Amino acid sequence: MLHRTLWRSIVKGGWVLLALAWPVLAGAADPSACSGLSTNRMLPDARLCRSRLLPAASGAPAEGVAALLASAGEAMQGARDADAERLLDCADAVVDDAGSGADALRAAVSRQRGVLDYRRERLPQAMRRFECAAAWSRAANDAEGTARALNNLGSAQRRIGDFRGALGSLTESLALRRAQGGATSAVLNNIADVYRALGESETALGYYQQALQASRATGDGVEAAHVLESMAEVTLDAGHPVQAAAWLRQALQEYQQAGNRVYALRVHDGLIRVALAQGDVGAARGWQEAALALAHYWSLPLPAALQLQVARVQRADGRLAQARMQLESALAALADRDPVEVDLLRELAAVQGASGEVTAANATLERANERALAQARAQHDQRLDWMRVRFEAEEERRLQAGAPASQGRAVGPVAALLAMMLAVMVAFALRRRRRRQRAASYATKVEPPLPAAPRPAVAPPPPPEAPVGVPRQADPQAFRSELVALMLASVEAWERCTGSSRLELAERSRLWRVNVDDGRLRARALERYLSVARLPRQPRWRSVVRTAYYVLAQCPALDAASRQQLQAGVDGVLAHARSTALQAQAGA
C-alpha cells in the first residue's frame, strides 16, 4: 500500500514540485548549451549534402539551408517524417558555412526539428528544441523568429500540463509580435486554449474573441474558422448550444469559401454534437448524412471524433449493430495515445449496454478508465521528463563553459528542497489515509449503510408541511437519507439514459472532483454521497441538487416516472433545507 500512496502523492504534488523548481526551469536557454542538441547521431558529410541535395546552391550556404528547410517542410506536410529528418540532418551539416547568418538558420533548423518531435509526441525533446530556437533567434536579433519559437514552446507546454510555463512563453511571444506589428491570432488562440484547460471559460472566450478579430483583420478566413470552432466548444460545454451552433455554421461557411474540405468535414463533428445536446436527433442525422456524403464524394477519411458522433446518432436511432461497427473500425485505425480513444470506448460501452451485453459493457468501461489513467500518467511522465531535460541541459552548459564545481552546486539546494517537500507530502498523505480509515471505521459502527437496491420506481411523497408560520422540526437523519436517495436516483438515471458511468457524470457535470486512486480514476467525492455511512458531516446538498438538475437537463429522453422521481427528491431536499433555515432563524 505504501507504493500506491507514494504514487498518489507524486501525482498530486506534481504542480508543487514544478512550482518549486520553476526558478531553475524557467531560465532562458543559452545558445552555448544548444550546440550539441542538433541530433543524437552522426551528421552526414556536408559535401555530400551539397552535391546530392543542393546542386544549384553551391557557393550560397544560406540559400542552401533555406532550400533544405523548405524541402523538409514539404516532406512533413506529406507525412514523410523520415525524409524530413534526413533533410534536417543535412541542414545541420551545412549550417556552419553560413557565416554571420548562422544563428538565424540554426534557430530555423531547431524549430523544424521541434515540430517534428511534436508530431511524434516527443514533447520534452520538442520543447528543448523550441527553447534553443528562441535562444538562437535572440542571438541573431530576430524578434519574429523568437516569437514563433516561443509560440511553439507554449503550445507544447500546454500539452504536458505546464500551464504556468505556457502562459509565460505565449505572453512573451504576443508582446514580441505586437511590437513588430506581426500577426497575433495564433498566439491569442493558444493563450485562450491554456485558460480553457484551466477551466476559466470567460477568460478563454475573451482571448478567443481577440484572436477572431485579429484573424479577420488580416483576412485569414481559415484561422478565423479555427477560432470559431474553439469558441463553439467552450459555449457548448457551458450549456449554450444555440450560440455554439451559430458559430459552427459560420466556421463551416468560412471553410467552404476557402475550399478547405478537410476542415469543413471536421466541423460536422461539432454540429452533430450540438444537435444531440439539444435533443434534436433529426438535425443530428441530417448533419451526419451531409458529412458522410462529403467524405464519400471527395474520398476523405473520417476523423475519429466525427466517427464517434456518427455512432452516437446511430445509437439514438436504434441502429446498434452499425454503431458498434463504426466504433470498432475507428478504434482499430486509431493512432497510439489518441485522446479520443477514451470517448470511443465509453460510447462502445453504451452501445453494448443498450444491446443487453452488460458484462461486455462493464469490461469496455474498465478499459476506458485504464486508458484515461494511462494518458494521465503519460502527461505526468512528460512533465518529469521535461524537468530532467532542463536540468541535464543546464549541467551540460556548465561543463562546456568550464565552470568550477562550486557553481554546479547551485542546483543542490533546489534538489534537496524538492526531496524534502516530496517526503512531507508522502507523510501528509499517509496521515490523511489513516484518518479516513478511522473515520470510515467509526461511521460503519455507528450507522449501517443505506441499501442501494432495490429502490422504488417513484420516490415516496414528502411529509406534509407544517402550518404556515410554524417551522417544521428538521430531522437531520431523514435529510441525510434523502440526500443519498436523490444521488442514487440521479446516478441510476444517468447510467440508464447515457450508458456511461458515474465517473463520466462527475467529469461532464464538473460538480465532483475526479482523482487517481489505487491506479484507477475515481470520483471519490461523489461516491461518498451514495451511502449514509460515508456521507460527510456537513454534506454539500446544493451539489446534489445541481447533479439531479444536470441529469434532467442532459437526459431529455428520460421516462416520465424517473423524471418525477428525481423532481420529488429535489423537492424533498429543498424542503428540508428550508425547514432547517427557518428553525435556525426561530432559534436565533
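Predicted, not measured: the structure shown is a model, and the values here were computed from it. (Residues numbered from 1 in each chain as written. Predicted model: local features only at pLDDT ≥ 70, side-chain atom pairs only at ≥ 80, totals over all residues. Heavy atoms only, no water.)

Caption draft 1: Main features of the nonpolar core. Counting 49 residues, the largest nonpolar core has Leu-344, Met-487, Leu-526 and Leu-566 as the members making the most contacts within it. Counting residues per element, the ones that place at least two in this core are helix H16 (304-316), helix H17 (320-332), helix H18 (340-354), helix H19 (358-401), helix H22 (476-498), helix H23 (502-509), helix H25 (541-554) and helix H26 (560-587). The element best represented in this core is H22, accounting for 10 residues. Leaving out residues up to four positions away in the same chain, Leu-566 has contacts with Leu-486, Ala-489, Ser-490, Ala-493, Val-551, Leu-552 and Leu-558. Membership of the second largest hydrophobic core comes to 45 residues, among which are Leu-174, Tyr-255, Leu-271 and Leu-294. (Core = buried A, V, L, I, M, F, W, Y, C linked by side-chain atoms within 4.5 Å. Buried < 20%, exposed > 50% of the residue type's maximum accessible area, 1.4 Å probe, protein only. Helix = DSSP H or I, 4+ residues; strand = E, 2+ residues; numbered from the N terminus. Contact = heavy atoms within 4.5 Å.)

Caption draft 2: Highlighting the side chain of Asp-81. Following the sequence through the fold, Asp-81 ends up in helix H5 (residues 81-94). Residue classification places Asp-81 among the buried residues on the basis of a relative accessible area of 19%. Once residues lying within four places of it in the same chain are set aside, the contact partners of Asp-81 are Met-76, Leu-116, Arg-119 and Arg-120.

Caption draft 3: Region of interest: helix H11 (residues 201-217). Over its 17 residues, H11 runs 24 Å from end to end, which matches the ideal 24 Å to within 8%, given 1.5 Å per residue. Buried residues of H11: Ala-204, Tyr-208, Ala-211, Leu-212, Ala-214 and Ser-215, and no others. Seen from one end, H11 has its buried residues packed into an arc of 165 degrees, which puts them on one side. Exposed residues on H11 whose side chains face more than 90 degrees from its buried face are Glu-202, Gln-213 and Ala-217. For H11, the secondary structure elements touched by its buried residues are helix H10 (185-197) and helix H12 (221-237). The positive-phi residue at the C-terminal boundary of H11 is Gly-219, with phi of around 75 degrees. (Expected span 1.5 Å × (residues − 1). Arc of directions from axis to C-beta.)

Caption draft 4: Structural context of the pattern of salt bridges. Scanning the entire structure with this criterion turns up 26 salt bridges. We note a salt bridge from Arg-113 to Asp-92, for which the minimum N-O separation is 2.9 Å. Of the two residues, Arg-113 sits in helix H6 (residues 102-119) while Asp-92 sits in helix H5, which places them 21 residues apart along the sequence. The class for Asp-92 is buried, based on a relative accessible area of 9%. Across the pair Asp-559 and Arg-496 runs a salt bridge whose closest N-O atoms are separated by 3.7 Å. With Asp-559 in the loop between H25 and H26 and Arg-496 in helix H22, the pair connects residues that are 63 residues apart, well separated along the chain. Note on Asp-559: relative accessible area 36%, which makes it partly exposed. The partly exposed category is assigned to Arg-496, whose relative accessible area is 43%. (Salt bridge = Lys/Arg side-chain N within 4 Å of Asp/Glu carboxyl O.)

Caption draft 5: Region of the structure containing the packing of helix H14 (residues 261-277) against helix H15 (residues 281-298). One way to put it is that H14 packs onto H15 with a least axis distance of 8 Å and a crossing angle of 165 degrees. Between H14 and H15, the crossing angle belongs to the class labelled roughly antiparallel. Between H14 and H15 lies a crossing whose hand is left-handed. Here Arg-261, Ala-264, Leu-265, His-268, Leu-271, Ile-272, Ala-275 and Leu-276 of H14 come into contact with H15, specifically with Ala-283, Ala-284, Trp-287, Gln-288, Ala-290, Ala-291, Leu-294, Ala-295 and Trp-298. Grouping the amino acids of the contact of H14 with H15 by side-chain chemistry returns 14 nonpolar, two polar and one charged. (Axes fitted to C-alpha atoms, helices over the stretch in contact; angles between N-to-C directions. Parallel < 35°, antiparallel > 145°, perpendicular 65-115°, else oblique. Left-handed = near helix turned anticlockwise from the far one by under 90°. Nonpolar A, V, L, I, M, F, W, Y, C, P; charged D, E, K, R; others polar.)

Caption draft 6: Structural context of the packing of aromatic side chains. This structure, assessed with the given rule, holds five aromatic pairs. For the ring pair Tyr-195 and Tyr-207, a centre distance of 5.5 Å and an interplane angle of 5 degrees mean the geometry is stacked. Remark: Tyr-207 occurs in helix H11 and Tyr-195 occurs in helix H10; sequence separation between them is 12 residues. Judged by relative accessible area, which is 17%, Tyr-195 ranks as buried. Relative accessible area serves as the criterion here: at 23%, Tyr-207 is assigned to the partly exposed category. Where Tyr-297 meets Trp-298, the ring centres are 5.1 Å apart and the plane angle is 80 degrees; that geometry is what we call edge-to-face. Here Arg-159 stacks its cationic end above the ring of Tyr-118, 5.4 Å away from the centre of that ring. The ring of Trp-298 carries Arg-261 above its face, with NZ or CZ at 3.4 Å from the centroid. (Phe/Tyr/Trp six-rings, centres within 6.5 Å; stacked < 30°, edge-to-face > 60°. Lys NZ or Arg CZ within 6 Å of the ring centre and 35° of its normal.)

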